[in-house]
Amino acid sequence: MGVVNIINLLGGLGLFLFGMKYMSDGLNQVAGSKMKNLLEKLTRNRFKGFLLGVLVTAVIQSSSATTVMLMGFLNAGIMDLAQATGVIIGANIGTTVTAVLIAIDVSAIAPTCIVIGAGLALFAKKQKQKYIGQIILGFGILFFGLKYMSGENAMGVLKTNEAFQNFITSFNNPIIGILIGIVFCAILQSSSAAIGVLQVLALSGGVPLNLAIFLIIGVNIGSVTPLVLSAIGAKTNAKRAAFVYFIFNFILIFLTPLAYFKPFLNWVTEFSNGNGSVEVATCHILFKVITALVLLPFVPQIVKLSERVFKPREHETALRFQFIDKKITENTTATVLQIGSEVERMAKLVRNNFVLACEGYLASSLDDEQKIRDNEELINWLNHNISDFMVTVCSGKMPAEDSEYVGKLFHVITDLERIGDHAENILNKTKMITESDMEFSEDSKQEVKELYETVLELLDRSIGCFVNKELNDFQEHELHNLENRVDDLTLKAQDNHVLRLKEKKCHTSSGVIYTKLLQDLERVGDHAYNIAWAARKDKDLIRQI
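Residues numbered from 1 in each chain as written. Predicted model: local features only at pLDDT ≥ 70, side-chain atom pairs only at ≥ 80, totals over all residues. Heavy atoms only, no water.

Q: Provide a residue-level description of the side chain of Thr 256, including the pertinent values.
A: If you trace the backbone, Thr 256 turns up in the loop between α13 (236–251) and α14 (262–272). Given the relative accessible area of 11%, Thr 256 is considered buried. Those residues within four positions of Thr 256 in sequence are excluded, and the remaining contacts are Pro 174, Ile 178, Phe 214 and Ile 217. (Helix = DSSP H or I, 4+ residues; strand = E, 2+ residues; numbered from the N terminus. Buried < 20%, exposed > 50% of the residue type's maximum accessible area, 1.4 Å probe, protein only. Contact = heavy atoms within 4.5 Å.)

Here it is in structure tokens:
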């Protein structure tokens, strides 16, 4: 095999890998958000999760990408490991679609796909049409590369290469075959690509079926490499998901004896009509299905094993992300869900601080002072670090829907941080009152209590709208009425305070604190209303006060 043959082989391989990556990126842009919605609606039924894993991976054509997405969902808290395990098992079968397409050889339409795909990708006006063009163009380039690799000037020369043929016919060491498959897949970083190249090699007569079985098993074990690298330093749930993926593919090693089982080899050869590419695809699919059927009933045991291997880490500080995993950002859709969960966590902290501060004021108590201070430190940390992380995420390519949602989250965390500041202001006022032994009339306390309860209702309903990502016209009308009531109660309390000053029922020093307290509560209502508006579907209606 000369230098020209090697260059032709590598050129075809480059086209194949580029086409697969380009097509996969287009599929993710077109169908990624829909696949996310399907995964979010998972039930705890492992069999439904399995079928959904098959479907999602068949669409986006990457079991690793599906598993990375699941890692993000696990970190975001929208599914547990038992649900994810069923999907991971299904994902390993869904990825075999590429092998089927290669086996039926649709390379004849590759030039047509390239023409149509390039036309759409370059000249289409709508972004979705451009992505569809990207899918078609990637599909065409993929099969054009395969055809080029299998040509007489590339792998075709192996048919007549005496040294290579002697090596193949004398090869019977399964360990070396598996190791070659592992290294090959680790280099290509894609089991679909590695199986595709193996199919081309088998079609050229370069790999007999018994050797192909060793290589297929090795390729599937090697497919774990990207996930293992992603899981290094990642959160515990991500490591567990990668471990489940590893278990599935490592179990394939127990199918090695099939390479020596002549009835199986004869059946595959007869079924494939002697076509090497079909033989590889058939074994690849059978191995995946057999492993899935064996493991699916044992999902609870697999989950328990992963939890024993990777125990939760103890953290020295609360100043950390609970849902966001900076080590896993390949799938922007899953990453955006993690950000949303982290902001929801921030909202709960803010709400808790507001309640503790107001209840402390009404009871003239500083029992929760340290807790409020600690929460405020975490709120400020989350504000800065979530913002920085979102800037990093926004710098990459992401679906328009996710980009719009992240843009709204910037406004939400700003409002949440300011509510946290107002809660700390209320705490500081309580501290001044208790240290100075100031007294307030029962009427003023009742006014604060009524205003606080109204603001809290507005805050709770606004956070609910944000979490549910919905603020319809009826809900907006009710929240608007609540905010007006907050404004009315504030004005009424201020007017009553002026009357008490005239009647000398309160002192000027305590009156200043009281007035500023009313302003804090009123501003919390404004920021709460802003949070609700971030849930509007129409992006032009983001309201900032």
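Q: Could you give an account of the nonpolar core, with specific residues and numbers?
A: Within the largest apolar cluster, 65 residues are counted, with the highest numbers of intra-cluster contacts made by Ile 339, Val 343, Phe 354, Ile 386 and Leu 521. Looking at this core, the elements that each hand over two or more residues are α17 (332–363), α18 (369–394), α19 (400–436), α20 (442–468), α21 (473–502) and α22 (508–533). Sequence-distant contacts of Phe 354, defined by excluding residues within four places in its chain, comprise Ala 423, Ile 426, Tyr 452, Val 455, Leu 456, Leu 459, Leu 521 and Val 524. One finds Met 23, Cys 113, Val 200 and Leu 255 within the second-largest nonpolar core, a separate group that totals 51 residues. (Core = buried A, V, L, I, M, F, W, Y, C linked by side-chain atoms within 4.5 Å.)

Q: Give me the lowdown on the packing of helix α10 (residues 191–203) against helix α15 (residues 276–295), citing residues and values where you can.
A: Following both chains from N to C, one finds α10 and α15 inclined at 140°, their axes separated by 6 Å at the closest point. Here α15 runs oblique to α10, going by the angle between their axes. Note that α10 runs across α15; the crossing there is right-handed. Counted together, Ile 195, Leu 198, Gln 199, Ala 202 and Leu 203 of α10 and Gly 276, Ser 277, Val 280, Ala 281 and His 284 of α15 form the full contact between these two elements. A per-class count over the contact of α10 with α15 returns six nonpolar, four polar and no charged. (Axes fitted to C-alpha atoms, helices over the stretch in contact; angles between N-to-C directions. Parallel < 35°, antiparallel > 145°, perpendicular 65-115°, else oblique. Left-handed = near helix turned anticlockwise from the far one by under 90°. Nonpolar A, V, L, I, M, F, W, Y, C, P; charged D, E, K, R; others polar.)

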